[in-house]
Amino acid sequence: MEYVKQPKTKRGEKTLKKICDAAETLFSQKGYYATEIKDITQLAKVATGTLYVYFPDKLSLFLHLMDGLGRKLRREIRDAKSKCTDTSIIEQERISIRVFFSFVRAHFGLFRIVWQAQFVDEAAFKNYYERFSQGYINEISKAHTRGETRNVDSTVISYALMGIYSFVALKCFVFDKSEPDDATIEQLVNFISFGISAQ
């Protein structure tokens, strides 16, 4: 679904980017409900009417940012995986983890926006994660066919993996103001591979 009226000129593209950058900053710092249209246009240094050229309302702008985030992240993960000759699910997951953490580092404001979405538009929030889940389901099913995994509920596992990565990112980037290092990533890979049971 398109939430934005796409610009037809280079100047329009620059203006749209200024609006989106300002909205990303304010939504991530102040939250969706505390941010007003005038706050966004003032930070973007555009007239209020200019914002409405591209978006019918604040919600459409918020959803445009979240949708764009999901698309970009899925594309970066897909591109990184395609360059790896090792197609085993564990190695592919190692790549996904690295790309995800790198993406959060580069787009921290948008990461916080996704967490707000459940209170802004629950249907869009659900759709955001269902898109990622579907990709996981497909990969887990293929890996099982290759004999790489036990017979598991791929939907449950997909949400478990997304939850693990999201909360590790929350712990590192938000709580500790740090970044996950290689040791942390390998801990996650080890957990995915073997679980925590001593048996």
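**Describing the layout of surface pockets**
Here is step 1 of the chain: Taken as a whole, the largest pocket encloses approximately 740 Å³ of empty space.
Here is step 2 of the chain: A total of 10 residues in the lining of the largest pocket trace back to one element, the largest contributor, which is helix H7 (residues 122–145).
Here is step 3 of the chain: Class assignment of the residues belonging to the lining of the largest pocket gives a composition of 16 nonpolar, 8 polar and 8 charged.
Here is step 4 of the chain: Its volume calculated, the second largest pocket comes out at about 520 Å³.
Here is step 5 of the chain: Arg-150, Ile-157, Phe-191, Ile-192 and Ser-193 are the residues nearest the centre of the second largest pocket, which is lined by 17 residues in total.

**Regarding the nonpolar core**
Here is step 1 of the chain: By size, the foremost hydrophobic cluster in this structure holds 57 residues, and its most contacted members are Ile-19, Phe-27, Ile-40, Phe-55, Leu-61 and Phe-101.
Here is step 2 of the chain: With sequence-adjacent residues up to four places away left out, Phe-101 is seen in contact with Tyr-165, Val-168, Ala-169, Phe-173, Pro-180, Ile-185 and Leu-188.

**Focus: the pattern of salt bridges**
Here is step 1 of the chain: Overall, the coordinates contain 16 salt bridges when judged by the stated rule.
Here is step 2 of the chain: Close ionic contact of Arg-98 with Glu-186 constitutes a salt bridge, the shortest N to O distance being 3.9 Å. Separated by 88 residues along the polypeptide, Arg-98 in helix H5 (residues 89–106) and Glu-186 in helix H9 (residues 182–194) bring together distant segments of the chain.
Here is step 3 of the chain: Taking the relative accessible area as the measure of exposure, Glu-186 reaches 31% and is therefore partly exposed.
Here is step 4 of the chain: Of the charged contacts, one joins Glu-130 and Lys-126 as a salt bridge, the two residues approaching to 3.9 Å between their closest N and O atoms. With Glu-130 and Lys-126 both in helix H7, this residue pair falls 4 residues apart, about one helical turn.
Here is step 5 of the chain: Its relative accessible area of 36% is what places Glu-130 among the partly exposed residues.
Here is step 6 of the chain: Taken together, the shared-partner salt bridges connect Glu-91, Arg-94, Arg-98, Asp-182 and Glu-186 into one network.

Here is what the cut-offs are and how they apply
Residues numbered from 1 in each chain as written. Predicted model: local features only at pLDDT ≥ 70, side-chain atom pairs only at ≥ 80, totals over all residues. Heavy atoms only, no water. 1 Å grid on protein atoms, 1.4 Å probe; cavity = no way out; pocket = protein on both sides within 12 Å on 5 of 7 lines; lining within 4 Å. Points joined across faces, edges and corners; volume = space filled by probe spheres on them. Helix = DSSP H or I, 4+ residues; strand = E, 2+ residues; numbered from the N terminus. Nonpolar A, V, L, I, M, F, W, Y, C, P; charged D, E, K, R; others polar. Core = buried A, V, L, I, M, F, W, Y, C linked by side-chain atoms within 4.5 Å. Buried < 20%, exposed > 50% of the residue type's maximum accessible area, 1.4 Å probe, protein only. Contact = heavy atoms within 4.5 Å. Salt bridge = Lys/Arg side-chain N within 4 Å of Asp/Glu carboxyl O.

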